[in-house]
Amino acid sequence: MLTFTEELLLLLGDEEGLFLPVKEHAFECALAGAILMDLAFAFRIDTDLQALVVTDPVPTGNPMLDRVLEKISARTDVTDAPAWIRVLATEDAALIREQALDSLVDRRILKRQHNRFLGIFRSVSYPTLDEAPLQAVKSRIEDVVSDEIPDPRDVALISLVDACQILPDLFPEWEAKQTASRLELLRRMDLIGRELTGAISEIQDQIIRAARAQAARFKKSLLTLALVASAAVIATVLMPGIGVPDRYGPSLPAQLWFDGTWKQFSGYLLLALSVAGLMIAIALKKQLLAWISGSHRWRLSHLVLGIACVFVLFMHTGFRLGDNLNAALMATYLTVLLSGALTGVVVGGAPHFRQISLSRVFAARRILIWVHALALCPLPALLIVHILSVYLY
Amino acid sequence: MKRIALVVGLLWSIGMSMTAALAAEGVSYEKAADMLYQVMSANREVYTRVVVQRLSVDEEILVASEHFEDDAGLPLPSQMFRFVAEAVLDNTENFSYSLLSLHPINKKNGPATDLERQGLEHVADNPGENFYGQEELGGERYFSAVYPDYAVVEACVQCHNNHKDSPRRDLSVGEVMGGVVIRFPMD
Amino acid sequence: MQAVLGLTLLGAAYVVVTMTVAGDRRMLLSGETTHAHHQLEMACETCHGRSVFADAKAAQKALNKNCRKCHEDELKAAKDSHSRKRFRNPRMAEYWDKLDARQCTPCHIEHRPEITRESAVTVAMDFCVACHSQGEQDIRTTRASHAGLGFETCATAGCHNFHDNRALFEDFLLGHAGQPEPTRPAVHGLTARYRARPVSTDKALQPGDAVAPPDALAEPGALQHWAGSGHARAGVNCTACHAADAAKDAPSSQALAHWIDAPPMRVCMECHKPQAKTFVLGRHGMRQHPGIAKPRDLPGWMGRWLGDPGLPVRMTVGEARLPMRADAHPAMAVDCASCHTEHALDTAHAALEACASCHDDAHTRSYFDSPHHVLWQREQAGEAPPGSSVSCASCHMPKLEHRKKVRTTHNQNDNLRPNEKMIRSVCLDCHSLGFSLEALADPKLIRNNFTGPPGVRVHSIDWAIARSRNPEAPED
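Each value, and the rule that gives it
- Residues numbered from 1 in each chain as written.
- Chains lettered and ligands numbered in written order.
- Predicted model: local features only at pLDDT ≥ 70, side-chain atom pairs only at ≥ 80, totals over all residues.
- Heavy atoms only, no water.
- Helix = DSSP H or I, 4+ residues; strand = E, 2+ residues; numbered from the N terminus.
- Areas by Shrake-Rupley, 256 points an atom, 1.4 Å probe, with all protein chains shown as cover.
- Buried < 20%, exposed > 50% of the residue type's maximum accessible area, 1.4 Å probe, protein only.
- Contact = heavy atoms within 4.5 Å.
- Lys, Arg positive; Asp, Glu negative; His and termini not counted.
- Charge placed at Lys NZ, Arg CZ, Asp CG, Glu CD.
- Domains from an automatic or database assignment.
- Buried area = accessible area lost by both parts, 1.4 Å probe.
- Salt bridge = Lys/Arg side-chain N within 4 Å of Asp/Glu carboxyl O.
- Polar contact = N/O pair within 3.5 Å; in protein donor to acceptor, adjacent residues only side chain to side chain.
- Nonpolar A, V, L, I, M, F, W, Y, C, P; charged D, E, K, R; others polar.
- Pairing = 2+ DSSP bridges.
- Axes fitted to C-alpha atoms, helices over the stretch in contact; angles between N-to-C directions.
- Core = buried A, V, L, I, M, F, W, Y, C linked by side-chain atoms within 4.5 Å.

Visitor: How would you sum up the overall build of chain B? Please name residues and give values.
Guide: Scanning chain B for helices and strands turns up five helices and four strands. Element order for chain B, N to C, with α for helix and β for strand: α-α-α-β-α-β-β-α-β. When the accessible surface of chain B is summed, it comes to about 10700 Å², and 57% of that surface belongs to carbon and sulfur atoms.

Written out as structure tokens, the structure is:
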């Protein structure tokens, strides 16, 4: 039998493009929740409003569960379920994932595969060998939502999946409202033994809450950075070029904007930053970075790089937009920066405009990312021409 | 005493080896400068005597004037000297020369480097002696020679003593008025 | 996405080819080119040479060499006060870091409209501070009168120029000090001499002598205008211009076989060499300057596709940066006939109406209400002696003497910037130096074309006098 943790991993897979931050944060919390549920179903722990207590310290025989059980027994500073979800999500999620994946590989459900990209990014992926277990898990969820009388394990599983907010992705044909009411009904039914009901609903609540809190934190940073980036780009477009002092002799502005050496320095720095930003984006897109525990940080650093680019661009141009081909280069580059920044504003700001439906936000985000990538295409060509023309003339 | 002998011996051998090094390439910088100076001063003397003296003093056909173009006259010998020096710079970078003074009518002809000042002071204080040295200018090493420039005729003295921009008005014929500086870049 | 990527790669390839092989490269211009050079924008090599990937120093050197190619003579004529020659001497090494006068580009960089000031200067106008604020060169201590002056005023107050001080140096000021304004009508000596020159009528042709096809002879006014022109007076028949390619002594019937209705400019230039030579130095004719780079060579079929845009031979009204009249057609190009009406070759027209038929700035418009114009009307009416009037050409294309011959310069930019260049060749003929300096330093007076007294005081003559009286003491 698979543990909740393993089932959850199967459902989430290592598929591409889980870009929605809520899901991503939920995933770490859900892993923590899954392992707690596994322990609850093994009758090793119990929870109430005040505390999460170990009821039976005897090992379960599953090393992944036993490690966590030992940790819960040993630590006295963490008492209640919410705290344990936070602790496990931040400290153990990556290891839990590793262990669960190992177990799935051992059972020949998944295959471990090592990849390299650009000689820099190394990654491990887990293609499916045996589709059956995943289908089994999915059909169990389907059964729960249809009118079948569910098994307690199935109720627990669907709570986890629901907490991860991946139901619409797994079963796109389901009506969201109907599913919600059915889940609400299941939750109220006393289908699971008394010992477990409290634990499961408590854990599910906590997963959702913790995920929301993390997502909110991320979105707040994302929104702040994206707003800074957007403002910087818009300023670059609107501000008049900064003049140089009308005094003979070297001055910082004159050196920055009219001295060949400085221009080369800022120009190549800008190029390096832009390439770094692009590498992060590619790595994220190709899932070459450990996205479970860190992709949001990488995404934020992509944005920080973007802001750094606007700053270095200012060093390079002093708000001058250039002429002819230089103007074309500037326009394209600013389009890349602005579309990127606005994507951040849309995603990070989504919770603030509730009247706009999520699908609209997705559509806006898709269009912006498309513009972001499209504007990127002519950049290398324009850059080559820009750099060549400086050295040729 | 021994130490002094050692130092003197060392200096002597360094000097000899430098001279030898210069001689190995042909003529020493010092000698080349001396020869150039001979050409320059002979040229100036001939221009003064055959052109200026004859046309403006003896035959009174043309005036010799600082503003020779406006006055439709002859350039002064010192001007002629400088025109040629500038023309030489158009043709070669292998050497350059200038006519300078510690008390020039035009400030641009005052000493511009430490060596120039030192050399001009040396030739003024030690009549009959030349001054040789090395200096670094614009990141390159130069051999520089300074030769005394005398007030040869009354006209020189007259003009310098009466010019409104002249800082010295007590010159007399035969006195050192300034110097010719000849420079070679040392590879 | 891939299509976009492919397209831009194609675009980049095209641009790289235009950069390295041939094609129109104006899209590479990093900023508006100055008034002086915008007509040559498509001929990059005129200035840039072919120093591909040379190090910065060598590239600068090559660039400056090309500056000198066109501007050296003019600087020589200006008795350049900061000549390259003087600063190339290694003894001036100390100054190379302050303001490198061995080269043009430290002060005049192209394609930087934002920092380009009067006379294409691209450093702040207080540049004199670089050298004249220290040691023996500190002008504030060596000239007491200059103690309180700002360095931004040296070159902007009508007292000094960096290159051309022919009418500003101290002895010149002293030589012209105390002159009263001459009583009018004063006469521009060279112009008077030119107008009074004996004109031989030995070879003069009559209307009946004209050799031309019948339809050309029938063109209204043509014959009559030619008959009254200097050409007819000097024995220049129709075929001399309209069939210039025919042998000089060919009989008229053979010459007519080579007849062309509109002879190109080179026909004029063949005889009027001195005029042509100066014409290509000014902005009207600079596109024919021999220093302009030829389009890069490409084999035939490639040339047709990718060749450099040929440099238009003539400047057009549409390309002008100065204000032009709305009724002057943008495609109208400047050649000899634009000003010298064909056949009549009216120099009076060329000296005034021709200019005002295109130029439409305040200075031009104000001319017609100016005292100079009154003088012009009087001379035209025969009420004043020859050479006493002032047209556009009197100042901008003055008569100059070279080897005892008086000629009209056709480089109308020669004495324009800095405007003190005009003092010797033009102003002093009729005005005192003091008046000239002040008039030229007053932008308002230039706009209204010298109608009224100068509103600007230039102290240079007073200070020169004070210093000459008492060189040691501080002047005032």
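There's plenty left to go through after this.
Visitor: Now, about the overall build of chain C: what can you tell me, with residues and values included?
Guide: Within chain C, the secondary structure is distributed over 26 helices and two strands. Seen through its principal axes, chain C has C-alpha atoms that stretch 80 × 80 × 40 Å. Buried residues in chain C amount to 41% of all 476 residues. Residue pairs at least 24 apart in sequence account for 59% of intrachain contacts in chain C once pairs closer than 6 positions are excluded. Total accessible area computed for chain C in this model is approximately 25300 Å², and 58% of it derives from carbon and sulfur atoms. Across chain C, the 55 positively charged side chains and the 54 negatively charged ones have centroids separated by 5 Å.

Visitor: Lay out the domain arrangement of chain C in plain terms, naming residues and giving numbers.
Guide: All names here are of chain C. Here the domain parsing of chain C yields domain 1 (1-30), domain 2 (31-175) and domain 3 (190-297 + 306-430). Here the C-alpha centre of domain 2 lies 36 Å away from the C-alpha centre of domain 1. With six residues of domain 1 in contact, the opposing surface of domain 2 contributes nine residues. Taking both sides of the interface into account, the surface hidden between domain 1 and domain 2 amounts to around 650 Å²; carbon and sulfur atoms contribute 46%. Taken together, the links from domain 1 to domain 2 amount to one salt bridge. Where Arg 25 meets Glu 45, a salt bridge forms, and the shortest distance between an N and an O atom there is 2.8 Å. Linking domain 1 with domain 2 are two residue pairs in polar contact (both at pLDDT 80 or more). Grouping the constituent residues of the side of domain 1 that touches domain 2 by class yields two nonpolar, two polar and two charged.

Visitor: Describe the interface of chain C and chain A, listing the residues and the values that go with them.
Guide: Chain C puts 38 residues into the contact, and the matching count from chain A is 24 residues. When chain C packs against chain A, the two sides together hide about 2600 Å² of surface, and 69% of this comes from carbon and sulfur. The interface formed by chain C and chain A holds three salt bridges in total. The residue Arg 117 of chain C makes a salt bridge to Asp 246 of chain A at a minimum N-O spacing of 2.7 Å.

Visitor: Tell me what's going on with the pairing of strand S2 (residues 405-408) of chain C, and back it up with residues and numbers.
Guide: Residues and elements named next belong to chain C. Only one face of S2 is covered, namely the face carrying Val 406 and Thr 408; the face carrying Lys 405 and Arg 407 is uncovered. Strand direction decides the pairing type here: strand S1 (residues 399-402) and S2, joined by four bridges, are antiparallel. Opposite Glu 401, over in S2, you have Val 406 as the bridge partner. A loop of two residues connects S1 with S2, the two strands running antiparallel in sequence, and Arg 403 in this loop sits at a positive phi of about 50°.

Visitor: Tell me about the pattern of salt bridges, residues and numbers included.
Guide: This model, assessed by the stated rule, comprises 51 salt bridges over all chains. Between Glu 69 of chain B and Lys 79 of chain C there is a salt bridge; the shortest N-O distance is 3.1 Å. Separated into two different chains, Glu 69 of chain B in the loop between helix H2 (29-58) and helix H3 (77-91) and Lys 79 of chain C in the loop between helix H3 (56-77) and helix H4 (84-88) make up a pair that spans both. Among the residues examined, Glu 69 of chain B registers a relative accessible area of 47% and is labelled partly exposed. Overall, Lys 79 of chain C belongs to the partly exposed group, its relative accessible area being 41%.

Visitor: Account for the sheet that holds strand S1 (residues 96-100) of chain B, naming residues and giving values.
Guide: Residues and elements named next belong to chain B. Taken in spatial order, the four strands of this open sheet run S1-S4-S3-S2, and their pairing is antiparallel. Of all strands in the sheet, those bounded by a partner on one side alone are S1 and strand S2 (131-137). Adjacent strand axes in the sheet meet at a mean angle of 25°, parallel and antiparallel pairs treated alike. Here strand S3 (residues 140-150) runs beside strand S4 (residues 176-185); their pairing, made up of nine bridges, is antiparallel. Residue pairing for S4: Tyr 142 is matched across the bridge by Pro 185. The strands touched by helix H4 (residues 114-125) are S1, S2, S3 and S4; relative to S2, the strand with the most contacts, the crossing angle is about 170°.

Visitor: Could you give me a rundown of the pairing of S3 of chain B, with the residues and numbers involved?
Guide: All names here are of chain B. Among the eleven residues of S3, eight are classified as buried, and the element is accordingly described as predominantly covered. The sheet contact formed by S2 and S3 spans seven bridges and is antiparallel. Pairing of Phe 131 across the sheet is with Val 146, part of S3. Where S2 hands over to S3, the hairpin turn is made up of two residues, of which Gly 138 adopts a positive phi near 55°.

Visitor: Describe the nonpolar core, naming the residues involved and giving the relevant values.
Guide: Of all hydrophobic cores here, the largest spans 67 residues; its most connected members are Leu 8, Leu 36, Ile 141 and Val 161 of chain A. When sequence neighbours within four positions are dropped, the list of residues in contact with Leu 36 of chain A reads Ile 45, Leu 52, Ile 72, Trp 84, Ile 85, Leu 88 and Ile 203 of chain A. Core analysis: the second largest hydrophobic core is formed by 28 residues, Val 233, Leu 329 and Tyr 333 of chain A together with Ala 12 of chain C among them.

Visitor: Describe in detail the interface of chain C and chain B, supporting the description with residues and values.
Guide: The interface of chain C with chain B comprises 24 residues on the first partner and 27 residues on the second. For the pair chain C and chain B, the summed buried surface comes to about 2200 Å²; carbon and sulfur atoms form 44% of the total. The largest share of the area that chain C buries against chain B comes from Lys 85, Arg 88 and Arg 91 of chain C, three residues that together contribute 33% of it. Counting every contact that joins chain C to chain B gives nine salt bridges. We note a salt bridge from Arg 88 of chain C to Glu 93 of chain B, for which the minimum N-O separation is 2.9 Å. For the pair chain C and chain B, the number of links is eleven residue pairs in polar contact (both at pLDDT 80 or more). Only H4, helix H5 (93-96), helix H7 (170-175) and helix H26 (460-469) of chain C provide two or more residues apiece to the side of chain C that touches chain B. A total of four residues in the side of chain C that touches chain B trace back to one element, the largest contributor, which is H7 of chain C. When the residues that make up the side of chain C that touches chain B are grouped by side-chain class, the tally is seven nonpolar, four polar and 13 charged.

Visitor: Got a sec to walk through unusual backbone geometry? Specific residues and values, please.
Guide: All names here are of chain C. With omega at -15°, the peptide bond leading from Arg 417 into Pro 418 counts as cis. Tracing the sequence through the fold places Pro 418 in the loop between S2 and helix H23 (421-425). A positive phi is found at His 111, a non-glycine position, where the angle reads about 60°. Here His 111 is to be found in the loop between H5 and helix H6 (139-142). Its identity as a non-glycine residue notwithstanding, Lys 404 has a phi of 65°, on the positive side. Here Lys 404 lies in the loop between S1 and S2.

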